[in-house]
Amino acid sequence: MNDCLFCKIIKGDIPSDKVYEDELCYAFKDIAPTAPTHILVIPKEHISKLDEVTPDNSAVIAHIYEVIAKLAKELDLKDGFRVVTNCGESAGQSVFHIHFHLLAGRPFAWPAG
Ligand code: AMP
Ligand code: ZN
């Protein structure tokens, strides 16, 4: 996906503030944080959105949750954190490369707005 913003970030064509990287995923700070900790975790494989996850590509999603748990320990997020994936424009998705917002450092209301 040549015109995908997050694919360009993975390739290094667009700069990012990297938090973590391995062979399957990449994590970086959100450019417009909505919480003191706001990290985006993305698969290196381009998947546009959550409803495109299938048995063929879901292993990377499980891996991303393992990475989130590891980051939460490393960043000492023991007061709690929230993980958000918006799917589709009406849910607030603005970048169509699946991503997991890792948010922490302030209280979060529930139900979410
Ligand atoms: P969403 O609205 O769920 O699709 O989330 C997209 C997120 O990407 C937003 O929180 C943006 O602030 C973030 N974002 C957009 N461009 C960049 C960028 N170049 N570097 C880091 N985060 C970005
Ligand atoms: Zn992409």
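Above this note sits the structure.
Figured I'd write up the structure that's included with this text. Just so it is clear, the model here is predicted, and its values are computed rather than measured.

1. Overview of the coordination of the zinc ion (ligand 2)
Next up, step 1: Coordination of the zinc ion (ligand 2) by the protein is provided by Cys4 (SG), Cys7 (SG), His46 (ND1) and His97 (ND1), with metal-donor distances spanning 2.1 to 2.3 Å.
Next up, step 2: Around the zinc ion (ligand 2) sit four donor atoms, and with donor-metal-donor angles ranging over 104 to 118° the site reads as tetrahedral.
Next up, step 3: We note that the donor set of the zinc ion (ligand 2) lies within a single chain, spaced as C-x2-C-x38-H-x50-H. A single burial state applies to Cys4 and to Cys7, both of which are buried.

2. Side note on the nonpolar core
Next up, step 1: The biggest cluster of nonpolar side chains holds 18 residues, and the ones touching the most others in it are Val41, Leu71 and Phe100.
Next up, step 2: Elements with a minimum of two residues in this core: strand S2 (25-29), strand S3 (37-43), helix H2 (59-74) and strand S5 (100-104).
Next up, step 3: Looking at which element gives the most residues to this core, the answer is H2, with seven residues.
Next up, step 4: Here Phe100 is in contact with Ile39, Leu40, Val41, Ile61, Ile64, Tyr65, Ile68, Val83, Val84 and Thr85, once residues within four sequence places are set aside.
Next up, step 5: Ranked by size, the runner-up nonpolar core spans 10 residues in total, among them Cys4, Phe6, Ile9 and Val95.

The rules we used
Residues numbered from 1 in each chain as written. Chains lettered and ligands numbered in written order. Predicted model: local features only at pLDDT ≥ 70, side-chain atom pairs only at ≥ 80, totals over all residues. Heavy atoms only, no water. Donors = N, O, S within 2.8 Å, 3.2 Å for Na, K, Ca; no water. Tetrahedral: all angles 85-135°; square planar, octahedral: opposite > 155°, others 65-115°. Buried < 20%, exposed > 50% of the residue type's maximum accessible area, 1.4 Å probe, protein only. Core = buried A, V, L, I, M, F, W, Y, C linked by side-chain atoms within 4.5 Å. Helix = DSSP H or I, 4+ residues; strand = E, 2+ residues; numbered from the N terminus. Contact = heavy atoms within 4.5 Å.

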